[in-house]
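Observations on the three-dimensional arrangement
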Amino acid sequence: MVTFTIPSSGDAVDAGELTVNSTPENLSREQLLAFPAFKIWLSTLQRSLARQKNPSHEFHKNPYVLRGIEIQAVDFFRGGRLGFVKLRADVSNQDGESLPGSVFLRGGSVGILLILQPDDTPPSSDEGKHVILTVQPRIPAGSLAFPEIPAGMLDDSGTFAGSAAKEIQEETGLSIAQDELIDMTSLALTSLQSDQPKTKTQTQQDDNNDDEETLQKAVYPSPGGSDEFIPLFLCQKRMPRSAIDELQGRLTGLRHEGEKITLKVVPLENVWKEGSEEIEK
């Protein structure tokens, strides 16, 4: 086991150096601090903990503190890039009450619903619309032929849309401009926030503390155990009917990175039952 310290946020309830114990001895302090998923998770958590300073916060009288981190396992990708981290965070209050702190860090991903329509049909019609699914081995799900919409981990493009466009190119072979992508998750969250009236407590927090939680504008599929967040995009593209037909069964993916993807083009009205059909098989 190796032990090192990392800086804690100056806004935290108990700011100072934070002790990290790592069972894997091949993980360095520098690698952990440079891991985007860890940086986002730690800053988000520390900012949430700092909000307890507000007298109106539920935990203000007995705040929770991040007291230490135990790194239990790490996985490295090709080229030595840190990919996944399993850790346990010690978050407790002065009475010894702890919050569940088992975390699988993998960072953000993007998912894209790609709808194709033959260009010989009226744009206002749903006639002939199809959706591209990628079928590939997903060992964590115990499957060698798992159907899903194009998706992948966030890269260094700097934007969610940039990562989505890159994934479409890699997994389907289609070139999509970023401005052709609609961030449906962001739109949904913005609409939800504007429609909901604020409670008295929320209003007091806004008046007394500008530091709100900094969760990503994305879906968190498993917040009880993982930091993963997924913004979902929509892209509707008109193409020649023959070009859509040629996508059926095409082999794609970054084969040198172990991706073995087969494209499946299904009618839009049948997409909802693709997962259940695969389970029945």
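Residues numbered from 1 in each chain as written. Predicted model: local features only at pLDDT ≥ 70, side-chain atom pairs only at ≥ 80, totals over all residues. Heavy atoms only, no water.

Brief notes about the packing of aromatic side chains
We apply this condition: To pair, rings of Phe, Tyr and Trp, with the six-membered ring standing in for Trp, must have centres within 6.5 Å; the planes then decide the type, stacked if under 30 degrees apart, edge-to-face if over 60, and tilted in the middle. Secondary structure elements are defined from DSSP: runs of H or I of at least 4 residues count as helices, runs of E of at least 2 residues count as strands, and each element is numbered from the N terminus. Burial classification: accessible surface area is computed with a 1.4 Å probe over protein chains only, and a residue below 20% of its type maximum counts as buried, one above 50% as exposed, and the rest as partly exposed.
Counted under the stated rule, the structure contains six aromatic pairs. For the ring pair phenylalanine 38 and tryptophan 41, a centre distance of 5.8 Å and an interplane angle of 45° mean the geometry is tilted. Of the two residues, phenylalanine 38 and tryptophan 41 are both situated in helix 2 (residues 36-50); the distance of three residues between them amounts to about one turn of the helix. Assigned by exposure class, phenylalanine 38 and tryptophan 41 land together as buried. With a centroid separation of 5.1 Å and an interplanar angle of 80°, the aromatic rings of phenylalanine 59 and tyrosine 64 are classed as edge-to-face. Phenylalanine 59 sits in the partly exposed class, given a relative accessible area of 30%. For tyrosine 64, a relative accessible area of 9% translates into the label buried.

A look at the nonpolar core
Put simply, the rule reads: What is meant by a nonpolar core is a set of buried Ala, Val, Leu, Ile, Met, Phe, Trp, Tyr and Cys residues, joined one to another through side-chain atoms within 4.5 Å. We call two residues in contact whenever any of their non-hydrogen atoms come within 4.5 Å of each other.
Within the largest apolar cluster, 24 residues are counted, with the highest numbers of intra-cluster contacts made by Phe38, Trp41, Ile69, Ile71 and Leu87. Among residues more than four places away in sequence, those in contact with tryptophan 41 are Ile69, Leu87, Ala89, Val103 and Leu105. In this structure, Ala161, Ile168, Leu181 and Leu263 belong to the second largest nonpolar core, which totals 20 residues.

Overview of the environment of threonine 5
Along the chain, threonine 5 turns up in strand 1 (residues 2-7). Relative accessible area serves as the criterion here: at 34%, threonine 5 is assigned to the partly exposed category. Placed 13 residues apart in sequence, threonine 5 and leucine 18 show a C-alpha to C-alpha distance of 5.3 Å. Beyond its immediate stretch of four places on either side in the chain, threonine 5 contacts Glu17, Leu18, Thr19 and Arg29.

Structural notes on the environment of glutamate 259
When you line up the elements, glutamate 259 lands in the loop between strand 13 (251-252) and strand 14 (261-267). In sequence terms glutamate 259 and glutamate 171 are 88 residues apart; their C-alpha atoms lie 8.9 Å from each other. Residues within four places of glutamate 259 in sequence aside, it is in contact with Thr252, Gly253 and Leu254.

Side note on the pairing of strand 7 (residues 109-118)
Which entries qualify depends on this criterion: A pair of strands counts as paired when DSSP detects no fewer than two bridges linking them.
Here strand 7 lies mainly inside the structure; nine of its 10 residues are buried. Strand direction decides the pairing type here: strand 7 and strand 10 (residues 151-153), joined by three bridges, are antiparallel. Its bridge partner lying in strand 10, glycine 111 is registered against alanine 151. Sheet topology places strand 7 next to strand 12 (residues 232-239); eight bridges connect them, and they run parallel. Looking across to strand 12, one finds that leucine 116 is bridged to lysine 237. Note: strand 7 against strand 8 (residues 130-138), two bridges, orientation antiparallel. Looking across to strand 8, one finds that leucine 116 is bridged to histidine 130.

Overview of the pattern of salt bridges
Let me state the cut-off plainly: Here a salt bridge means any side-chain nitrogen of Lys or Arg lying within 4 Å of a carboxyl oxygen belonging to Asp or Glu.
In the structure shown here, the tally under the stated rule is six salt bridges. When the shortest N-O distance is used, the salt bridge between arginine 241 and aspartate 120 registers 2.9 Å. With arginine 241 in helix 6 (residues 241-247) and aspartate 120 in the loop between strand 7 and strand 8, this residue pair connects regions lying 121 residues apart in the sequence. For aspartate 120, a relative accessible area of 52% translates into the label exposed. Between lysine 129 and aspartate 126 there is a salt bridge, with its nearest N and O atoms 3.1 Å apart.

Some words on the pairing of strand 8
Relative to strand 14, strand 8 runs antiparallel, the two being bridged by six bridges. Its bridge partner lying in strand 14, threonine 134 is registered against leucine 263. Direction of pairing for strand 8 relative to strand 9 (residues 143-148): antiparallel, over a ladder of four bridges. Counted as the bridge partner of glutamine 136 is phenylalanine 146 from strand 9. In textbook terms, the turn of a hairpin is the stretch between consecutive antiparallel strands, and for strand 8 and strand 9 this stretch comprises four residues, one of which, glycine 142, has a positive phi near 75°.

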